[in-house]
Amino acid sequence: MDIRVNSLIAFPKVENFKKEIKNKKILNITRRGKYILFHLSQNKTMVVHLRMTGKLLIKDPETSLDKHTHVIFHLNKDKELRFNNIRKFGRIYLVNDNEYKNAGGLSELGPEPLAEDFTLEKFKKKFNNRTANIKALLLNQKFIAGLGNIYTDEILYRSAVDPKRKANTLKETEINKIYNNMREILKLGIKYNGTTFSDYVNAFGEKGRFQEKLQVYQKNGEKCNRCGRKIKKTKVAGRSTYFCSGCQK
DNA sequence: GGCTTTGTTTTATA
DNA sequence: GTATAAAACAAAGC
């Protein structure tokens, strides 16, 4: 493999990473929250977090290198797996199977929102006495895994809930809506291959189309489809937040 | 060259 | 120890 930017290798040290991953076979690939897990032979797992602007691309070796390609894995069948990352925020870890302590926050993630056994009842229980605003909670990976800024804004818009609402003031009907919309919107996002504003593409270079379905994210100044008032942009939980003050209460 | 961007980690405080 | 909020950090693009 070629490591052109050392800072993307988070664990272990670059030289050990290179040694340990050599000649390993990719058995299968799974996901937990925003972490991608490459299950390798000899009880190793390579964990990848793309953070912002990270991409994993399958390329032919003769394809010219992008200036933001920072790590290259040489696969068999004459293919390369390239880690491309404009902002260099992504991280790659190589750990023993099921020993995720050295892989960032992976070992502390909350439940998977789309898991079959993650019922409405379980979701409701998590709200007990939580006083943080609902946007901060949904973004908190320890509370629930996998939601980022775009999807959180869309979930709260569809649920007609103000992002600044304290979690312990939400009515049961509102939590129901958040639960249903969370699952609905994540499924839609997957169906439409994600959201491409500027640079996101999948492993084969294809853009997503979910941006066509967004109701509030980056739509400040535009009319709300539900009540007609203008979508506003503000900051909640330290993140840019788009919402309709007319119908999100 | 300061501001924006998001996801995570760190720090401070209660 | 836990919950929360704010700040810090990553670095390129405009």
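Residues numbered from 1 in each chain as written. Chains lettered and ligands numbered in written order. Predicted model: local features only at pLDDT ≥ 70, side-chain atom pairs only at ≥ 80, totals over all residues. Heavy atoms only, no water.

1. Concerning the protein's contact with DNA strand C
Next up, step 1: Lining the immediate environment of DNA strand C, one finds His68, Ile86, Arg87, Lys88, Phe89, Arg130, Thr131, Ala132, Lys166 and Arg239.
Next up, step 2: Take the atoms of DNA strand C that sit within 4 Å of the protein: sugar and phosphate atoms are 63% of them.
Next up, step 3: One of the side-chain nitrogen or oxygen atoms of His68 is found 3.0 Å away from a phosphate oxygen of DNA strand C.
Next up, step 4: In the environment of DNA strand C, a phosphate oxygen lies 2.6 Å from a nitrogen or oxygen atom belonging to the side chain of Lys88.
Next up, step 5: Classifying every residue of the surface near DNA strand C by side-chain character gives three nonpolar, two polar and five charged. (Near = heavy atom within 4 Å. Polar contact = N/O pair within 3.5 Å; in protein donor to acceptor, adjacent residues only side chain to side chain. Nonpolar A, V, L, I, M, F, W, Y, C, P; charged D, E, K, R; others polar.)

2. Remarks on the pairing of strand E11 (residues 239-243)
Next up, step 1: As judged from the five bridges shared by strand E10 (residues 232-236) and E11, these two strands associate in the antiparallel manner. The partner of Lys235 across the bridge, within E11, is Ser240. (Pairing = 2+ DSSP bridges. Helix = DSSP H or I, 4+ residues; strand = E, 2+ residues; numbered from the N terminus.)

3. Some points on the packing of aromatic side chains
Each aromatic ring pair is described using two quantities: the centre-to-centre distance and the angle formed by the ring planes.
Next up, step 1: Counting across every chain of the model gives eight aromatic pairs.
Next up, step 2: Summarising the aromatic geometry, the rings of Phe118 and Phe123 are spaced 6.0 Å apart at their centres and angled 80 degrees between planes, so their arrangement reads as edge-to-face. This pair shows no difference in class: Phe118 is buried, exactly as Phe123 is.
Next up, step 3: Arranged with centres 5.7 Å apart and planes meeting at 40 degrees, the rings of Phe123 and Tyr179 form a pair that is tilted. Separated by 56 residues along the polypeptide, Phe123 in helix H2 (residues 120-125) and Tyr179 in helix H5 (residues 172-191) bring together distant segments of the chain.
Next up, step 4: Exposure remark for Phe123: the relative accessible area of 0% places this residue in the buried category.
Next up, step 5: What makes Tyr179 buried here is its relative accessible area of 8%.
Next up, step 6: Each residue in the set Phe118, Phe123, Phe127, Phe143 and Tyr179 is aromatic and connected to the rest through ring pairs, giving one cluster.
Next up, step 7: Note that Lys126 overlies the ring of Phe143, its terminal NZ or CZ placed 4.9 Å from the centroid.
Next up, step 8: Looking at Arg226, its charged tip hangs above the ring of Tyr157, at a distance of 4.2 Å from the centre. (Phe/Tyr/Trp six-rings, centres within 6.5 Å; stacked < 30°, edge-to-face > 60°. Buried < 20%, exposed > 50% of the residue type's maximum accessible area, 1.4 Å probe, protein only. Lys NZ or Arg CZ within 6 Å of the ring centre and 35° of its normal.)

4. Some thoughts on the domain arrangement of chain A
Next up, step 1: According to the domain assignment, chain A consists of domain 1 (2-108) and domain 2 (120-244).
Next up, step 2: Taking only C-alpha atoms into account, the centre of domain 1 sits 28 Å from that of domain 2.
Next up, step 3: In this assembly, 10 residues from domain 1 lie in contact with 12 residues from domain 2.
Next up, step 4: Here domain 1 meets domain 2 over a buried area of about 810 Å², counting both sides, of which 59% is carbon and sulfur. (Domains from an automatic or database assignment. Contact = heavy atoms within 4.5 Å. Buried area = accessible area lost by both parts, 1.4 Å probe.)

5. Examining the protein's contact with DNA strand B
Next up, step 1: If you check the shell around DNA strand B, you find 15 residues, and the closest are His49, Met52, Tyr217, Lys233 and Arg239.
Next up, step 2: Close to the protein, within 4 Å, the atoms of DNA strand B belong to sugar or phosphate groups at a rate of 65%.
Next up, step 3: Measuring from a phosphate oxygen of DNA strand B, one finds a side-chain N or O atom of His49 at 2.3 Å.
Next up, step 4: Elements represented by at least two residues in the surface near DNA strand B include exactly E10 and E11.
Next up, step 5: By residue class, the composition of the surface near DNA strand B is two nonpolar, seven polar and six charged.

6. Some remarks on helix H1 (residues 14-21)
In an α-helix, one full turn covers 3.6 residues, which means residues spaced three or four apart are oriented alike.
Next up, step 1: All buried positions along H1 are accounted for by Val14, Phe17 and Ile21. The arc that holds every buried residue of H1, seen down its axis, measures 55 degrees, which confines them to one face. When the buried face of H1 is taken as reference, the exposed residues oriented beyond 90 degrees from it are Glu15 and Lys19.
Next up, step 2: Tucked into the core, H1 has its buried residues touching strand E1 (2-3), strand E2 (9-11), strand E4 (35-40), strand E5 (44-49), strand E7 (69-75) and strand E9 (91-96).
Next up, step 3: Two residues or fewer after H1 comes Asn23, characterised by a positive phi angle close to 65 degrees. (Arc of directions from axis to C-beta.)

7. Concerning helix H4 (residues 149-158)
Next up, step 1: With respect to burial, H4 is a largely interior element, nine of its 10 residues being buried.
Next up, step 2: Turning to H4, its buried residues number three or more, namely Asn149, Ile150, Tyr151, Thr152, Asp153, Glu154, Ile155, Leu156 and Tyr157.
Next up, step 3: Buried residues along H4 sit in contact with helix H3 (134-139), H5 and E11.
Next up, step 4: One or two steps after H4, the chain reaches Ala160, where phi turns positive at roughly 60 degrees.

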